[in-house]
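Structural overview for review
Spelled out, the chains give:
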Amino acid sequence: MNDNNNPYSQLFQKQKANQFQVGNTSYKERIKKLKRLKHALEHTYKQEIRDALFADFKKPQLETDLTEIYPVVDEINFVKQELKTWLKRKQVGTPLAMLGSSSYIINEPKGVCLIISPWNYPINLTFGPLVSAIAGGNTVILKPSEMTPNTSKLMAKMVSALFDDNEIALVEGEVETAQALLELPFNHIFFTGSPAVGKIVMKAASKHLTSVTLELGGKSPTIVDETAHLEKAVRKIVYGKCTNAGQTCIAPDYVLLQESLKDEFVQHFRKEVKAFYSQNPEESTSYSRIVNNKHFERLKNSLDDAKDKGASIDAGGALNPSHCYIEPTLVSELTEDTSLMQEEIFGPILPLKTFKTLEEAVNYINSKEKPLALYIFSKSKKNTDYIINNTRAGGTCLNHNLLQYLNHHLPFGGSNNSGIGKSHGYFGFLEFTNQRSLLKQHTLGAVDLLKPPYTNWKQKLVD
Ligand code: NAD
């Protein structure tokens, strides 16, 4: 597609023309914009956000407050405190051989940015990166997912009420919309979604040598060893796996459990699910649904495939297609060729795989792609050090899960197949800025002496 035929070319050009105006705004002006967004999330649109997410996949109101609104507001609060420092021209050292010069780093805006987001936390994963992009002084086009139409529509309304489109605009649409946007020569693309689409985004970006941040997914393992406090571990795992009905990029995908603990783990799992969601989670108002029929069918087929191959359903297993309900389900005795052990699950089904030695568990993790998160439940420092030193992962949380996402002092992101680049706090700000070097010469320095002609006395200076 040539740029002139591209339906978003005009919008892109408008933002491009405005990029220096936006890029030259002071930290105070940027914070003013962020405050506007914060007020919209916390007050003006709060109830509409809750309603839209409930309409999209029956997301409970409290979960919306905690996992959609709060993280973005918290990110804004953090940026408000730090932005002045981040935007300061930072003086760095200059080698003695370059005496007479001083050196600086300027965090300059990248320019016109594209943010493509997924459906599973649509508010959080669209507006979260937007906070970093605004902090960096960029213009932005947002493209949220088509799978949560009520929330995408609401976000479009919010963005047009809050910002001029020559600065920040939201485009709704399906895959074709994303593809058309990816044709344009953006200065940065921040993509959150699956590794498969991440590869498509990276390929499209390579055409213009656009830099990318790829926040992807994959299978996040959870190791529980014999020293762990099992009851607490299972409670936290059930929480991590069932929040958003398991549709969380950093949900514990599967558990690697010390063999001797299996029966006890199963008992605790049943007890904790009942405590969270009652005897019948289908009636619980605290439990979300699978986002649509396509994903419901995908999960149902994975469960059927596992059963056909001899897996044991140790807890849960009830499904109701009429409202995309899947009960929190624990599965064991899985063969490696099942889709539950091969693909990211992204639903409330938890495979349980036992191990005899930690080395076995570590080798298993290393036989797969580097995960976005790796969780360890253990009281042994020796064991946790061994696991951390012998595996690779985007992030790790010890004796809990999901929480690493909430600390803005920590970089959030994957490694290779689970992602490229980081988000949150300063790390998110860095993704949306170019670290421009500035060397300023004050007086004639040693290097100036070494210009041609290269005479003997100059050679001696270097020797
Ligand atoms: P997805 O990759 O299918 O879609 C994400 C976005 O890409 C959507 O806006 C969609 O319209 C667009 N898209 C889809 N196909 C495309 C194509 N061929 N070309 C261009 N754009 C395309 O992901 P999803 O199903 O919305 O979300 C689930 C995935 O996202 C999981 O793998 C999950 O782990 C991952 N995820 C990662 C994070 C993170 O922070 N690392 C957070 C949430 C979700």
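This one's a predicted model, so the numbers in the text were calculated from it and none came from an experiment.

1. Description of the environment of D385
With respect to the helices, strands and loops of the structure, D385 is situated in helix α14 (residues 381-389). At 2.5 Å, the side chain of D385 and the side chain of K381 are in polar contact.

2. What about the sheet that holds strand β3 (residues 112-116)?
Strands sit in the order β5-β4-β3-β6-β7-β17 across an open sheet of six strands; the sheet is mixed. Two strands close off the open sheet at either side, each with one partner strand: β5 (168-170) and β17 (419-420). In this fold helix α5 (residues 122-136) packs onto β3, β4 (139-143), β5 and β6 (188-192), with an angle of close to 170 degrees to the strand it touches most, β4.

3. Here's the deal with the packing of α5 against helix α6 (residues 149-162)
Relative to each other, α5 and α6 sit at 35 degrees, their axes nearing to 10 Å. Crossing angle aside, the handedness with which α5 passes α6 is right-handed. Two secondary-structure elements touch here, α5 through P122, I123, T126 and F127 and α6 through T151, M155, M158 and V159.

4. Description of the packing of aromatic side chains
Applying the stated criterion to the full structure yields 13 aromatic pairs. Centre to centre, the rings of W86 and Y426 are 5.4 Å apart; their planes meet at 45 degrees, and the pair counts as tilted. You can see W86 sitting in helix α4 (residues 61-87) and its partner Y426 sitting in helix α15 (residues 425-431), a full 340 residues away along the chain. Classification of W86 by relative accessible area gives buried; the value is 8%. Taking the centre distance of 5.7 Å and the plane angle of 80 degrees together, the rings of F276 and Y277 count as edge-to-face.

5. Focus: the pairing of strand β14 (residues 349-355)
Along β14, five of the seven residues are buried, which leaves the element largely enclosed by surrounding structure. Note that strand β9 (residues 254-258) and β14 share four bridges and pair parallel. Residue Q258 lies in a different strand from β14, and its bridge partner there is F355. Two elements, strand β13 (residues 329-332) and β14, share four bridges in a ladder whose sense is parallel. Across the sheet, the residue bridging to S332 is L352, located in β14.

6. Notes on the sheet that holds strand β2 (residues 101-109)
Here we have three strands laid out as an open sheet, ordered β1-β2-β18, and antiparallel in their pairing. Each having just a single partner strand, β1 (90-92) and β18 (433-441) make up the two edges of the open sheet. Across the sheet, the mean angle separating the axes of adjacent strands is 30 degrees when strand polarity is ignored. Relative to β18, β2 is paired through nine bridges, and the arrangement is antiparallel.

7. Focus on a nonpolar patch on the surface
Taken together, the side chains of L444, L449, L450, W457, L461 and V462 make up a nonpolar region of the molecular surface, amounting to roughly 620 Å² of accessible area. By residue number, the principal contributor to the nonpolar patch is helix α17 (residues 456-462), which donates three residues. In this fold, W457 is placed in helix α17.

8. Some details on the site of the ligand
Neighbouring residues of the ligand: 28 residues in total, closest S117, E146, S194, L216 and E344. Within the backbone of E215, one N or O atom sits 3.5 Å away from a nitrogen atom of the ligand. One nitrogen or oxygen atom from the main chain of L216 is found 2.6 Å from a nitrogen atom belonging to the ligand. Calculation on the ligand without its partners gives an accessible area of 850 Å², and the protein chains cover 92% of this total. Of all elements in the fold, only α7 (175-182), β6 and α8 (195-206) reach the threshold of two or more residues within the shell around the ligand. With four residues, the single largest contributor to the shell around the ligand is α7. Of the residues belonging to the shell around the ligand, the class tally is 16 nonpolar, eight polar and four charged.

Definitions and cut-offs
- Residues numbered from 1 in each chain as written.
- Predicted model: local features only at pLDDT ≥ 70, side-chain atom pairs only at ≥ 80, totals over all residues.
- Heavy atoms only, no water.
- Helix = DSSP H or I, 4+ residues; strand = E, 2+ residues; numbered from the N terminus.
- Polar contact = N/O pair within 3.5 Å; in protein donor to acceptor, adjacent residues only side chain to side chain.
- Pairing = 2+ DSSP bridges.
- Contact = heavy atoms within 4.5 Å.
- Axes fitted to C-alpha atoms, helices over the stretch in contact; angles between N-to-C directions.
- Left-handed = near helix turned anticlockwise from the far one by under 90°.
- Phe/Tyr/Trp six-rings, centres within 6.5 Å; stacked < 30°, edge-to-face > 60°.
- Buried < 20%, exposed > 50% of the residue type's maximum accessible area, 1.4 Å probe, protein only.
- Patch = residues over 30% accessible without salt bridge, like charges linked within 9 Å, V, L, I, M, F, W, Y side chains within 5 Å.
- Areas by Shrake-Rupley, 256 points an atom, 1.4 Å probe, with all protein chains shown as cover.
- Salt bridge = Lys/Arg side-chain N within 4 Å of Asp/Glu carboxyl O.
- Near = heavy atom within 4 Å.
- Nonpolar A, V, L, I, M, F, W, Y, C, P; charged D, E, K, R; others polar.

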